[in-house]
Amino acid sequence: MLRKEINDVLTRTGPGTPMGEMFRQYWIPACLAEELPEDGAPPVRLKLLGERLVAFRDSYGRYGLIDEFCAHRGASLWFGRNEEGGIRCPYHGWKYDTTGQCVEVPSEADNSSFAENVKLTAYPLVKIGDVLWTYMGDPEKQPPLPEWEFALVPPEQTYTSKRWQQCNWLQAFEGGIDSSHVTFLHSGGLKSDPLFKGAKGNQYNLNDTKPFFEVADSEGGLFVGARRNAEEGQYYWRITPWVMPNFTMVPPRGDHPIHGHFWVPIDDENCWAYSFDYHPVRALTEAERQAMIDGHGVHSKNIPGTYRPVANMDNDYLMNREKQRTGEWYSGTEGIAIQDSSLQESMGPIVDRTKERLVPADSGIIKARQKLYRAATALRDKGVTPPGVNPEHHHVRSAAVVLPQKEAFLDAASEDVKVRPGMPVSSV
Amino acid sequence: MTVALDTSLPSSCARAASAQESRYRIDRPIAPSRAGRIVALDDGAAEVVARTARLEWANARFYVCASADGDDLVLRGIDGGPATLADELASASVVVMVATSDSGAGCAYALGKACWERGIQTAGLVLGNGTHSGTAAAAAVAALRPHARVLLPDADELDVIDILTALRV
């Protein structure tokens, strides 16, 4: 269980809230680069951390992320005309550049300086990999750009998708560090999903449904190690890194691409699940990339032209009781992503954690909540920069390794959980 | 078989997850779900467990491991009173072991074995954070690893409190 006042702190991310201010210390995904595919592309409406914004790529290729609403009468700039280095409100023609600066007010005299005094709130928007990243905090404290490996490898080695999840970010994120659900909820996928199946490690997973856990601090967050019996005298370890506040990676399987997530608050009752797959040393095969586009692995099959999954709350996630009965889809819903989202959304928009009955196996979640709360209150009360802001903290990988039973997992696998450019992931 | 959506009955489909529908969730007090036994495995841990025991708990009892010889373990209550392992585990549903060094390795073995035989869940916290040497903490982790279903190697005193709170002991 979690006390209500702590749950409130962790789940509220609007401006001025402790967790909202903490999220505003980081570069976070704002949207996919594919949403603004060319110079002068149509603008994109998006809401982040409870703020309504519009993203655009002007005719010169500059990215902007500005207040959605025109300073004049409050019309949405999503209707704006993206023309000649700025976005123009079609209502009365006010025009803004990518910094939010108003550059033209047609009703004013040609030599008027009125526009100079009009500026919308704007945040930086930077393309790294397949993602456009923003920083929504104090410009004076803007940290260095993020250095996540999935975003830095060559384009042919990486793929990122996103989906709308209709619940608070925290309950979605908590699924990312909850190793014990995989053996049940995703058991069908271990056998059949093209991006999971065939790894030797899957058999360890399926043979041992009661893993032991170790939860170890890292500079940026945590490493959660789940250990299962392997061959005589050895353990199979699946190591999940969490970098604060919202980055998780899934331990790899065989030579499949390695994957992970960012959980980004839209508002307090919705979030974006960004899901990535990459391979550090080779291009994704055509079959792998197609499987990701088709919604396999950690990705979802979305309604064309949107980032809403085809299987969603409004159609009971296309529940299939027959496949649930046979175990092909353990919960009766198809695919890793929807298996997670359906159950996490079923908890309600913001789950009431005062009602939980946690077990020791939930210690990773307990510890993560504690670290988030400590960091948010340390920032609020003492101005302490939270873990995960420093790009050095981004240089992590998940790992799946077989170790002698007497070895401490983070001692034996200390290099396996670091980014080693040009080196493959440690995987079984 | 695919279930068709009946929009006239929001409570009968996944839309029941809305904030509005959440009002209808059964709201009754939750009884403590775990009878917790918290055991300090060494003297350093005993100080922390003693302080933790002074807080308000619903269904937790606190002990210090006095000695261990193979499967035989002698416990005493945190207040110094005698305690019998078999009696204390009879009604326990989770045992949380707290250590600062490997001096309690024998206790961890005996306690872990007794819990395993009785199907009692175990957790272990190794207190580090500069209060004890890294070597001692590492040795404690190694000693606890085989016997704790969940292990927190870099824990501090607040972790002990937070884990017990989350478990509702």
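Described below are features of the structure shown in this document.

What counts and how
Residues numbered from 1 in each chain as written. Chains lettered and ligands numbered in written order. Predicted model: local features only at pLDDT ≥ 70, side-chain atom pairs only at ≥ 80, totals over all residues. Helix = DSSP H or I, 4+ residues; strand = E, 2+ residues; numbered from the N terminus. Pairing = 2+ DSSP bridges. Contact = placed C-beta atoms within 7 Å. Nonpolar A, V, L, I, M, F, W, Y, C, P; charged D, E, K, R; others polar. Core = buried A, V, L, I, M, F, W, Y, C linked by C-beta atoms within 7 Å. Buried ≥ 20, exposed ≤ 12 C-beta atoms within 10 Å, placed from the backbone.

## Notes on the overall build of chain B
Looking only at helices and strands, one finds six helices and seven strands in chain B. Shown N-terminal to C-terminal, the secondary structure of chain B runs as helices and strands in the order α-β-α-β-β-β-α-β-α-β-α-β-α.

## Things to note about the sheet that holds strand β4 (residues 63-67) of chain A
Residue and element names in this part refer to chain A. The antiparallel open sheet is built from four strands, whose spatial order is β2-β3-β4-β9. Pairing within the sheet leaves two strands with one partner each, and these edge strands are β2 (44-48) and β9 (122-123). Two elements, β2 and strand β3 (residues 51-57), share five bridges in a ladder whose sense is antiparallel. Each residue of the ladder has a partner; that of Leu48, found in β3, is Glu51.

## As for the interface of chain B and chain A
If you look at the interface, chain B gives 29 residues, while chain A gives 34 residues. Among the elements that make up the side of chain B that touches chain A, the one with the highest residue count is strand β7 (residues 150-155) of chain B (five residues). Across the side of chain B that touches chain A, the residue classes break down as 20 nonpolar, four polar and five charged. For strand β13 (residues 212-217) of chain A and β7 of chain B, the ladder comprises two bridges, and the chain directions are parallel. Across the sheet, residue Phe213 of chain A finds its bridge partner in β7 of chain B, namely Val150 of chain B.

## A word on the nonpolar core
Within the largest apolar cluster, 166 residues are counted, with the highest numbers of intra-cluster contacts made by Ala55 of chain A together with Met97 and Val98 of chain B. Each residue touching Ala55 of chain A, except ones within four places of it in the same chain, is listed here: Ala30, Cys31, Leu36, Pro43, Val44, Leu46, Gly64, Leu65, Leu125 and Leu132 of chain A.

## Some words on helix α10 (residues 336-346) of chain A
It helps to recall that an α-helix has 3.6 residues per turn; residues three or four apart then point in one direction. All names here are of chain A. In terms of residue burial, α10 counts as a mostly covered element, since nine of its 11 residues are buried. Summarising the contacts, the buried residues of α10 are in contact with β12 (158-165), α4 (169-176), α5 (182-185), α6 (187-192) and β18 (270-278). Looking one or two residues past α10, Gly348 carries a phi angle of roughly 105°, positive in sign.

## Structural notes on the sheet that holds strand β7 (residues 95-96) of chain A
All names here are of chain A. Here we have four strands laid out as an open sheet, ordered β5-β6-β7-β8, and antiparallel in their pairing. One side of each edge strand has no neighbouring strand; the edge strands of this open sheet are β5 (81-83) and β8 (102-104). Looking at chain direction, β7 and β8 are connected through two bridges and run antiparallel. Considered in β8, the bridge of Tyr96 is made with Cys102.

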